Amino acid sequence: MSFRKILMAALAAAAIGYGGAVAQERLDIFDAHLHYNQEPAPFYSHEQLLEVFRRNGITGILANSRPNKSTHQLMEAKATGLWVVPFIRPYRTRSDIQTWFNDPAIFELIRNEYERGYYRGIGEFHIYGKAAASDWVKKTVDFAVERNLYLLAHCDEEALLILFGHNPKARIIWAHTGFSVAPARVAELLEQHKAGLWGELSYRGGITESDGKLSAEWRNLFERYSDRFLLGSDTWVNERWFGYDTIFKEYRGWLAQLPAEQARRIANGNALRLFGPRPGG
Ligand SMILES: [Zn+2]
């Protein structure tokens, strides 16, 4: 075969598309759990932030921050190539994590933030067990449903079920997918809440074995529910910024072991389906 023929054959093969292992394309990734906090100053300037994203192939982020000011700034910056999906953080200071669910001032904060017009969700918020049963949490869930907002909830299974109990139409992204909740149980919950539950995978245990290979349980879960998972960095403390490259290297390590279409959904396709269309195409 002439060089030209070989080249044409290679291009044709690339156009048809191989499975995940062969594909050399670098997947765009949507970071669905990004905190850009200012306490009192952000760890990275916008310029540094964009460099970190560029280096890691991050083309979209679910952004929230404490206080919400950094999210406003990200929205105003309109950085080229970065799609920012803003969520309302229901905290003014770190201590609000412990009390927001009984605090009418936080509900007021959510309502005021919402007036900005660009928010797509509320969270990340933390809630455990029966604390989720409070009136203010119900008001928050109803507020979200009425306005088509997603909830990014860091919660245990008991609280998750209470959130759905408040309003079965809630659309919840389960931050950390329950950390260690058994994969079989995760599958049941995804099955029971087909239109309203997604799992975000930062800090989620058990996805890979110690050698970096996907565990059988998670390979199976991704095979059945690749349309229900999102990747996140969870930059809740500055150490997570130091580790940002490693976090996404690990994600890419196991994404590469999945069939290409499953990997694409988890990397960015699901985010696009939830929050799209992406501005500007
Ligand atoms: Zn969290």
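Heads up: the structure comes first, above all this text.
Below is a summary of the structure that appears in this document. (Residues numbered from 1 in each chain as written. Predicted model: local features only at pLDDT ≥ 70, side-chain atom pairs only at ≥ 80, totals over all residues. Heavy atoms only, no water.)

## Focus on the nonpolar core
Okay, step 1: By size, the foremost hydrophobic cluster in this structure holds 71 residues, and its most contacted members are I127, L163, F222, F229, W254 and L255.
Okay, step 2: Considering each element in turn, this core owes the most residues, 6 residues, to helix α10 (residues 244-255).
Okay, step 3: Those residues in contact with F229 that sit more than four places away from it in its chain are T177, V186, L190, G199, L201, W218, L221, F222, R265, I266 and N270. (Core = buried A, V, L, I, M, F, W, Y, C linked by side-chain atoms within 4.5 Å. Buried < 20%, exposed > 50% of the residue type's maximum accessible area, 1.4 Å probe, protein only. Helix = DSSP H or I, 4+ residues; strand = E, 2+ residues; numbered from the N terminus. Contact = heavy atoms within 4.5 Å.)

## Considerations on the pattern of salt bridges
Okay, step 1: On inspection of all chains with the given rule, the structure shows 14 salt bridges.
Okay, step 2: Two residues, E157 and R185, come together in a salt bridge whose shortest N-O distance is 2.7 Å. With E157 in helix α6 (residues 157-166) and R185 in helix α7 (residues 183-192), the pair connects residues that are 28 residues apart, well separated along the chain.
Okay, step 3: On the accessibility criterion, E157 (25% relative accessible area) is partly exposed.
Okay, step 4: The exposure class of R185 is partly exposed, given its relative accessible area of 22%.
Okay, step 5: Taken together, the shared-partner salt bridges connect E51, R54, R55 and D245 into one network. (Salt bridge = Lys/Arg side-chain N within 4 Å of Asp/Glu carboxyl O.)

## Considering the sheet that holds strand β5 (residues 150-155)
Adjacent strands of a sheet form backbone hydrogen bonds with each other and so pair up, either parallel or antiparallel.
Okay, step 1: Strand order in the open sheet made by the 8 strands is β1-β2-β3-β4-β5-β6-β7-β8, with parallel pairing throughout. Each having just a single partner strand, β1 (29-35) and β8 (229-230) make up the two edges of the open sheet.
Okay, step 2: Sheet analysis places strand β6 (residues 172-174) next to strand β7 (residues 197-200), joined by 3 bridges and oriented parallel. By the bridge assignment for β7, W174 is matched with G199.
Okay, step 3: Across the sheet, helix α5 (residues 135-146) touches β4 (121-127) and β5, and the angle it forms with β4 is around 155°. (Pairing = 2+ DSSP bridges. Axes fitted to C-alpha atoms, helices over the stretch in contact; angles between N-to-C directions.)

Geometric values such as these leave the question of function open.
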